[in-house]
There are 2 protein chains.
Amino acid sequence: MNLATKSAGEKTRELILQTALRLFRGCGFEITTMRDIARAAEVATGAAYYYFPSKEAIVFAYYDQVQRAHAETVREEWKGESGLRERLGVVFHSKLEILKDDRRFLGALFRYSADPQHPLSVFGKGTQMQRAQSMAIFREAIAKTSISEEAQQLLPAALWLVHLGMILYFIYDESSDQRKTHKLLDGVLDLLTQAIELSDSALVRPFVQPFQNRVLQMLQEAGWTAEL
Amino acid sequence: MNLATKSAGEKTRELILQTALRLFRGCGFEITTMRDIARAAEVATGAAYYYFPSKEAIVFAYYDQVQRAHAETVREEWKGESGLRERLGVVFHSKLEILKDDRRFLGALFRYSADPQHPLSVFGKGTQMQRAQSMAIFREAIAKTSISEEAQQLLPAALWLVHLGMILYFIYDESSDQRKTHKLLDGVLDLLTQAIELSDSALVRPFVQPFQNRVLQMLQEAGWTAEL
DNA sequence: TTTAGTATTTGAACATGTTCAAGCACGCGG
DNA sequence: CCGCGTGCTTGAACATGTTCAAATACTAAA
């Protein structure tokens with residue numbers, strides 16, 4: 001879709017979105033008012049609401065943009081990488097790379113996460129699409145590796161949750177370039193992949209297997225599958 | 001502190017708080033306006049703000065109330081329980097018991113959790129006191145058990161995090177009496193305590209130890225200690 | 001080109017969280 | 001009893017998210 005095919009509406013929507021993000025990045029989410037955004041984009045207040053039902057909706061539109069960029073980047077960087085560890089590394093690190101300038105207002109994404117009724121809850125029904133898309137990337141990451149069938153079912157949801165936790169840590173990380181987050185992430189990924197491999201080795205499998213099965217069953221009973 | 005010693009202010013504050021909670025429980029947090037609360041409590045709008053700097057502050061005052069009740073209940077129910085599993089069970093289940101009627105507006109507690117700047121973030125500096133109090137209960141729970149020194153350092157923070165996750169699951173749990181949450185919780189606690197015990201057994205310690213050490217080190221480097 | 005219909009845009013009006021200057025009341029020293 | 005200060009209370013005013021009826025711009029059929 002190039003500029004010529006964009007209707008006036010699409011251009012206005014894009015203008016409002018990018019203007020809003022610029023202000024959010026510069027001044028933070030709270031401080032920036034809808035009137036500020038409209039004024040900076042040189043449209044009426046109502047125009048912003050014509051394209052975005054709420055201020056939070058802008059943040060979710062931003063997250064859509066992030067998700068598309070992420071999927072594209074990941075598929076590009078995956079070329080040549082076939083190991084599980086490397087593929088997961090690409091997924092996680094590239095995500096943080098995309099988000100790196102937006103830590104200041106990223107918190108707005110989680111604002112209604114604990115309210116099941118709210119349409120913008122990260123865990124709610126209103127965001128099922130976004131979640132599914134995000135988990136699909138994790139499913140792709142582990143697709144062609146030698147991971148058991150059960151794990152293939154549960155890992156996408158589990159990894160998605162880890163990824164959420166990492167973003168949360170990322171938001172709070174004040175070390176330069178968020179080095180602490182990247183270091184922690186590498187540690188977590190090393191551990192995760194090694195644990196998966198270890199659980200397949202003949203030596204410890206007898207000990208680990210029962211635990212693993214119990215974890216899997218618990219998660220399944222809790223409804224913690226990829227179809228979450 | 002009985003009624004006689006309460007100043008007029010303390011009584012008004014209490015009246016506003018309890019009125020607000022009644023409305024939150026009945027109509028939800030969003031729907032209930034500050035004007036509603038003030039009208040129901042038969043005071044002026046400003047009176048509510050005299051005692052609570054914001055609508056969210058009421059939720060945090062509620063959480064203070066919860067915490068006091070929880071500490072009291074736990075210390076009562078602990079009498080006679082000395083096993084780690086039982087003590088943790090008391091802590092977690094009694095917490096859910098206290099929260100059981102408030103699932104509807106409990107989400108408001110987490111609203112600003114992802115924004116480090118916000119004074120009411122569950123992870124932020126503004127709520128350090130509450131967090132410390134909450135972790136103290138977990139520290140008490142494991143205090144007299146045979147757990148390694150390192151684990152004693154990290155478990156309170158880890159358990160506090162698990163407890164947050166359980167509350168989140170609890171909020172979303174629509175099964176009758178939130179049975180799913182309680183079942184999941186028992187599974188998690190069984191697993192947790194057994195894993196701790198297992199890691200002390202001579203048989204598997206050589207295999208588990210390096211993993212365990214890495215996890216502990218990672219958490220420590222991430223700043224994930226009880227002093228969080 | 002004209003016209004009917006749709007998409008877009010406007011800005012005033014509304015609802016609600018929050019602030020604040022002013023008023024009230026109660027206790028205490030004189 | 002008076003005056004005075006502190007703590008408490010008031011409600012109008014303000015800021016901002018949101019709604020909406022009306023105005024305008026655009027598109028496509030006739």
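Since the model is a prediction, treat every value here as computed from it, not as a measurement.

(A) Structural detail: the relation of the copies chain B and chain A. Once chain B has been moved 0.0 Å along the axis and rotated by 180°, it coincides with chain A to within an RMSD of 0.1 Å. Such a combination of rotation and displacement between the chain copies is what one expects of a two-fold axis. When C-alpha distances to the rotation axis are compared across chain B, the minimum falls at R111 of chain B, with a value of 2.4 Å. Most of the interface of chain B is mirrored in chain A, where 96% of its interface residues again form contacts.

(B) Structural context of the interface of chain B and chain A. Taken together, the contact between chain B and chain A spans 24 residues of the former and 23 residues of the latter. At five residues, helix α10 (residues 205–221) of chain B tops the list of elements feeding residues into the side of chain B that touches chain A. Split by residue class, the side of chain B that touches chain A holds 17 nonpolar, three polar and four charged.

(C) Region of interest: the protein's contact with DNA strand C. Near DNA strand C, the surroundings consist of 19 residues, among which G9 and G46 of chain A together with T33, G46 and Y49 of chain B are the closest. Of all the secondary structure elements, the ones that give two or more residues to the surface near DNA strand C are α1 (8–27) and α3 (45–51) of chain A together with α2 (34–41) and α3 (45–51) of chain B. Ranked by residue count, the leading element in the surface near DNA strand C is α3 of chain A, at four residues. By residue class, the composition of the surface near DNA strand C is eight nonpolar, nine polar and two charged.

(D) Main features of the domain arrangement of chain A. Residue and element names in this part refer to chain A. Looking at the assigned domains, one finds that chain A contains domain 1 (1–52) and domain 2 (56–221). Look at where the C-alpha atoms of domain 1 and domain 2 centre, and you get two points 30 Å apart. A class-by-class count of the residues in the side of domain 1 that touches domain 2 yields six nonpolar, one polar and one charged.

Cut-offs applied
- Per-chain numbering applies: the sequence of each chain, read as written, is numbered from 1 onward.
- The lettering of chains begins at A and the numbering of ligands begins at 1, in the order of writing.
- Local features in this predicted model are restricted to residues of pLDDT 70 or higher, and side-chain atom pairs are both shown and tallied only at a pLDDT of 80 or more, whereas totals for entire chains, interfaces and linings draw on every residue.
- Copies are brought into register by a least-squares superposition over C-alpha atoms of residues with pLDDT of at least 70 in both.
- Throughout, a residue-residue contact means that the two C-beta atoms, derived from backbone geometry, are no farther apart than 7 Å.
- Secondary structure elements follow DSSP: runs of H or I no shorter than four residues count as helices, runs of E no shorter than two count as strands, and numbering proceeds from the N terminus.
- Gly counts as polar in this scheme, as do all residues outside two lists: the nonpolar Ala, Val, Leu, Ile, Met, Phe, Trp, Tyr, Cys and Pro, and the charged Asp, Glu, Lys and Arg.
- We count a residue as near a molecule or strand when its backbone-placed C-beta atom lies within 6 Å of that partner.
- Reported domain spans reflect what an automatic or database domain assignment gives.

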